[in-house]
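In case you want the letters, here they are:
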Amino acid sequence: MEYFYITDTGMVRDHNEDSVVITENMNHEILMTVADGMGGHNAGEIASSIAITHIGTRFKELSTVGNKEDAINWLKEIVNEINLLLYKYTEEHPESTGMGTTFVLALITKDFLLFGNIGDSSGYVIKDNKLHKITTDHTLVNLLVKSGELTEEEAKEHPRKNVLMKALGAAVAVEMDIFDVETDIEGILLCSDGLTNMLDNEQIEKVLNEDLSIEDKLNKLVYKCNNRGGNDNISIAYLVKGGAE
């Protein structure tokens, strides 16, 4: 497998509140995670950093995540730990009240593939050179689409499209959606909404299918986002199965 990640401040924000990690444990199982922080007084970048650092450190220390059930339980446990860490930080630093972070991850082993998410950072698989979204956004607008009050097209331009219904650190208890995904895929893409708000699936696919290195593909995606205004931080983690393309 070959992988790479990138994070960029964009053209509008004065600092980057996203955090990313791709790491392997002792059994060469791979964890990819993207977090998009929120909150004033730089609390967003603190929230995403706490989340990514904690899960990355804990995963790297593991000999193995075990079977699928073990892995799901481990992910739930880690998310609860992170949520408590964020809550504790807010209690000790009242100026950071309201901070939180989205969270999307993929866990790759030789036997199974799991995705998890909280918030509106997205997880995709690439199959037959097409992007297929796995995760579901926890946003007000997505809730309205599901209930039939908004169409998909109306949702794209809705003034409250970034209002989150769920985030790490935003409540005493939080539950992450976990998806059991088929392993017969060509690649995995995780990203913050700084990518998906600027480029649609077809535009992302076009770059991913170009004859470029993984690093050059991600750099090109960031360039395209910034060329369109780059109104948010942009973070992407990308893995290709089977080594170099």
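Just above, that's the structure.
Residues numbered from 1 in each chain as written. Predicted model: local features only at pLDDT ≥ 70, side-chain atom pairs only at ≥ 80, totals over all residues. Heavy atoms only, no water.

(A) Quick look at the pattern of salt bridges. Under the criterion given, the structure shown has 10 salt bridges. Taking the shortest distance from any N to any O, the salt bridge between Lys110 and Asp111 comes out at 3.3 Å. On the basis of relative accessible area, Lys110 is assigned to the exposed category, the value being 76%. Among the ionic contacts, a cluster of salt bridges with common partners joins Arg58, Glu77 and Glu81. (Salt bridge = Lys/Arg side-chain N within 4 Å of Asp/Glu carboxyl O. Buried < 20%, exposed > 50% of the residue type's maximum accessible area, 1.4 Å probe, protein only.)

(B) A look at the packing of helix α1 (residues 43–61) against helix α2 (residues 68–92). Running from N to C, α1 and α2 point in directions that differ by 140°, and their axes come no closer than 10 Å. Note on packing geometry: the crossing formed by α1 with α2 is right-handed. Together, Ile46, Ala47, Ile50, Ala51, His54, Ile55, Arg58 and Phe59 of α1 and Trp74, Glu77, Ile78, Glu81, Ile82, Leu85, Leu86 and Tyr89 of α2 make up the contact between the two elements. Each residue belonging to the contact of α1 with α2 can be placed in one class, and the counts come to 12 nonpolar, 1 polar and 3 charged. (Axes fitted to C-alpha atoms, helices over the stretch in contact; angles between N-to-C directions. Helix = DSSP H or I, 4+ residues; strand = E, 2+ residues; numbered from the N terminus. Left-handed = near helix turned anticlockwise from the far one by under 90°. Contact = heavy atoms within 4.5 Å. Nonpolar A, V, L, I, M, F, W, Y, C, P; charged D, E, K, R; others polar.)

(C) Focus on the nonpolar core. By size, the foremost hydrophobic cluster in this structure holds 29 residues, and its most contacted members are Ile55, Ile82, Phe103, Leu107 and Leu168. When contributions to this core are tallied by element, the ones reaching two or more residues are β3 (30–38), α1, α2, β5 (103–108) and β6 (113–118). Counting residues per element, this core draws most heavily on α2, at 8 residues. Beyond its immediate stretch of four places on either side in the chain, Ile55 contacts Leu31, Thr33, Trp74, Ile78, Ile82, Phe103 and Leu105. Grouped together as the second largest cluster of nonpolar side chains are 21 residues, Met198, Val222, Cys225 and Ile236 included. (Core = buried A, V, L, I, M, F, W, Y, C linked by side-chain atoms within 4.5 Å.)

(D) Representation of the side chain of Ser48 in the model. Inspection of the secondary structure assignment puts Ser48 in helix α1. Here Ser48 falls in the buried class, since its relative accessible area comes to 0%. Among the polar contacts made by the side chain of Ser48, one reaches the side chain of Ser19 at a distance of 2.8 Å. (Polar contact = N/O pair within 3.5 Å; in protein donor to acceptor, adjacent residues only side chain to side chain.)

(E) Fine view of the environment of Gly116. Within the fold, Gly116 resides in strand β6. In the structure, Gly116 is positioned 83 residues away from Thr33 in sequence and 9.2 Å away in space, judged by C-alpha atoms. Filtering out sequence-adjacent residues up to four positions away, Gly116 remains in contact with Phe103, Val104, Leu105, Met176, Asp177 and Ile178.

(F) Quick peek at helix α7 (residues 214–227). Relative to the 20 Å expected for 14 residues at 1.5 Å per residue, α7 spans 20 Å between its end C-alpha atoms, a close match to the ideal helical length. Those residues of α7 that sit buried are Ile214, Lys217, Leu218, Leu221, Val222, Cys225 and Asn226. Against the buried residues of α7 lie β1 (2–8), α5 (193–196), α6 (201–208) and β11 (234–240). Positive backbone phi, at 125°, marks Gly229, one or two positions downstream of α7. (Expected span 1.5 Å × (residues − 1).)

(G) Representation of the sheet that holds strand β8 (residues 130–133) within the structure. Here 5 strands make up an open sheet; going across it, the order is β1-β11-β10-β7-β8 and the pairing antiparallel. Of all the strands in the sheet, just β1 and β8 have a single pairing partner and so form its edges. When the angles between neighbouring strand axes are averaged without regard to direction, this sheet yields 20°. Two strands pair when backbone bridges link them, and β1 and β11 are joined in this way by 7 bridges, in the antiparallel orientation. Its bridge partner being in β11, Glu2 is matched across the sheet by Val240. Contacting β7 (122–127), β8, β10 (187–191) and β11, α6 runs over the sheet at an angle of about 130° to β8. The strands that α7 touches are β1 and β11; relative to β1, the one it contacts most, it runs at about 25°. (Pairing = 2+ DSSP bridges.)

Any functional reading would require information that these geometric values do not contain.
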